[in-house]
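An overview of the molecular structure
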Amino acid sequence: NDSVNMAKVYNNIALVHYTLGNHQEALQYHFRSITIKQKRNDLNGLAFSYGNVGNIYYDLGETATDQKHDAEADSMFRVALRYQKNAEEIQLKLVNENPGNEVFEIGLAGTYNNLGNISLQLAALDNDNGILFGEALSYHKKALDIQEKYNDVRGKSHSHINIAGVYEKQGLVDK
């Protein structure tokens, strides 16, 4: 009857399955964790879980892209986008209610990078005219701003790599 720890256990089992490449099993355990977190109104935990689910769908989209299944990839990336947007919405609420909370802001930066990566994948699939590329760049720059604020060296390196990836996909190699 310890719902707090049950949610953590389900999340950890999900992460093990994810690491092993068992995406469907990972999703099942994340959804069990989410159910508990929703009942407890654990907003930070929900944001974390939504982000994890979004990452799984992102990976499924990348796999579909590698296999040249563009329609399936597009679908997976759009599901990933929905979960990352849910995470962003909660994280923005937490950041606004807890100004200066480094943990919440760094979490939001990670979500911004995830949103940027999804936007970049969708741009590549849609032969984008620049709108989604611009969106991807904007998300990565928002992440970088937060990471600069807290001198998150590892996060900054990820954001710089992601920004470079957007420019590379646009053919702007000099940038």
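Refer to the structure above for everything that follows.
Residues numbered from 1 in each chain as written. Predicted model: local features only at pLDDT ≥ 70, side-chain atom pairs only at ≥ 80, totals over all residues. Heavy atoms only, no water.

A few points about the environment of Thr63
When you line up the elements, Thr63 lands in helix H3 (residues 43-66). You can call Thr63 partly exposed: its relative accessible area is 37%. Separated by 28 residues in sequence, Thr63 and Gln91 place their C-alpha atoms 28 Å apart. (Helix = DSSP H or I, 4+ residues; strand = E, 2+ residues; numbered from the N terminus. Buried < 20%, exposed > 50% of the residue type's maximum accessible area, 1.4 Å probe, protein only.)

A short note on the pattern of salt bridges
A complete count under the given rule lists six salt bridges for this structure. Linking Lys93 and Glu97 is a salt bridge whose minimum nitrogen-to-oxygen distance equals 2.9 Å. On the criterion of helical spacing, the pair formed by Lys93 and Glu97 is a turn pair, its members being four residues apart in helix H4 (residues 70-97). On the basis of relative accessibility, which here comes to 40%, the residue Lys93 falls in the partly exposed class. One salt bridge in this structure joins Glu148 and Lys156, with 3.9 Å as the shortest N-O distance. The exposure class of Glu148 is partly exposed, given its relative accessible area of 42%. (Salt bridge = Lys/Arg side-chain N within 4 Å of Asp/Glu carboxyl O.)

Notes on the environment of Ala87
Within the secondary structure, Ala87 is located in helix H4. Since its relative accessible area comes to 0%, Ala87 is described here as buried. Between the C-alpha atoms of Ala87 and Asp145, which are 58 residues apart in sequence, the distance is 19 Å. Once residues within four sequence positions are removed from consideration, Ala87 is found in contact with Ala47, Tyr50, Gly51 and Thr111. (Contact = heavy atoms within 4.5 Å.)

Concerning the nonpolar core
Core analysis: the biggest nonpolar cluster contains 45 residues, and Tyr50, Tyr57, Ile90, Tyr112 and Ile118 have the highest contact counts within it. Of all elements in the fold, only helix H2 (23-40), H3, H4, helix H5 (102-125), helix H6 (131-149) and helix H7 (153-169) reach the threshold of two or more residues within this core. Among the elements that make up this core, the one with the highest residue count is H4 (eleven residues). In contact with Tyr57, other than residues within four places in its own chain, are Leu27, Met76, Val79, Ala80 and Tyr83. (Core = buried A, V, L, I, M, F, W, Y, C linked by side-chain atoms within 4.5 Å.)

What to know about the packing of aromatic side chains
Considering all chains together, one arrives at six aromatic pairs under this definition. Ring centres of Tyr58 and Phe77 lie 5.5 Å apart, and the angle between their planes is 55 degrees; this geometry places the pair in the tilted category. A residue pair is termed long-range when its members are at least 10 positions apart, and Tyr58 in helix H3 and Phe77 in helix H4 qualify at 19 residues. An identical accessibility class is assigned to Tyr58 and Phe77; each is buried. Taken together, Phe31, Tyr50, Tyr57 and Tyr83 form an aromatic cluster joined through their ring pairs. Stacked on the ring of Tyr29, the Lys or Arg Arg32 has its end atom at 4.6 Å from the ring centre. (Phe/Tyr/Trp six-rings, centres within 6.5 Å; stacked < 30°, edge-to-face > 60°. Lys NZ or Arg CZ within 6 Å of the ring centre and 35° of its normal.)

Section: unusual backbone geometry
Phi at Asn41 takes a positive value of approximately 55 degrees, unusual for a residue other than glycine. Within the secondary structure, Asn41 is located in the loop between H2 and H3. Taking the relative accessible area as the measure of exposure, Asn41 reaches 55% and is therefore exposed. Even without glycine at this site, Lys68 takes up a positive phi of about 60 degrees. Within the secondary structure, Lys68 is located in the loop between H3 and H4. Since its relative accessible area comes to 69%, Lys68 is described here as exposed.

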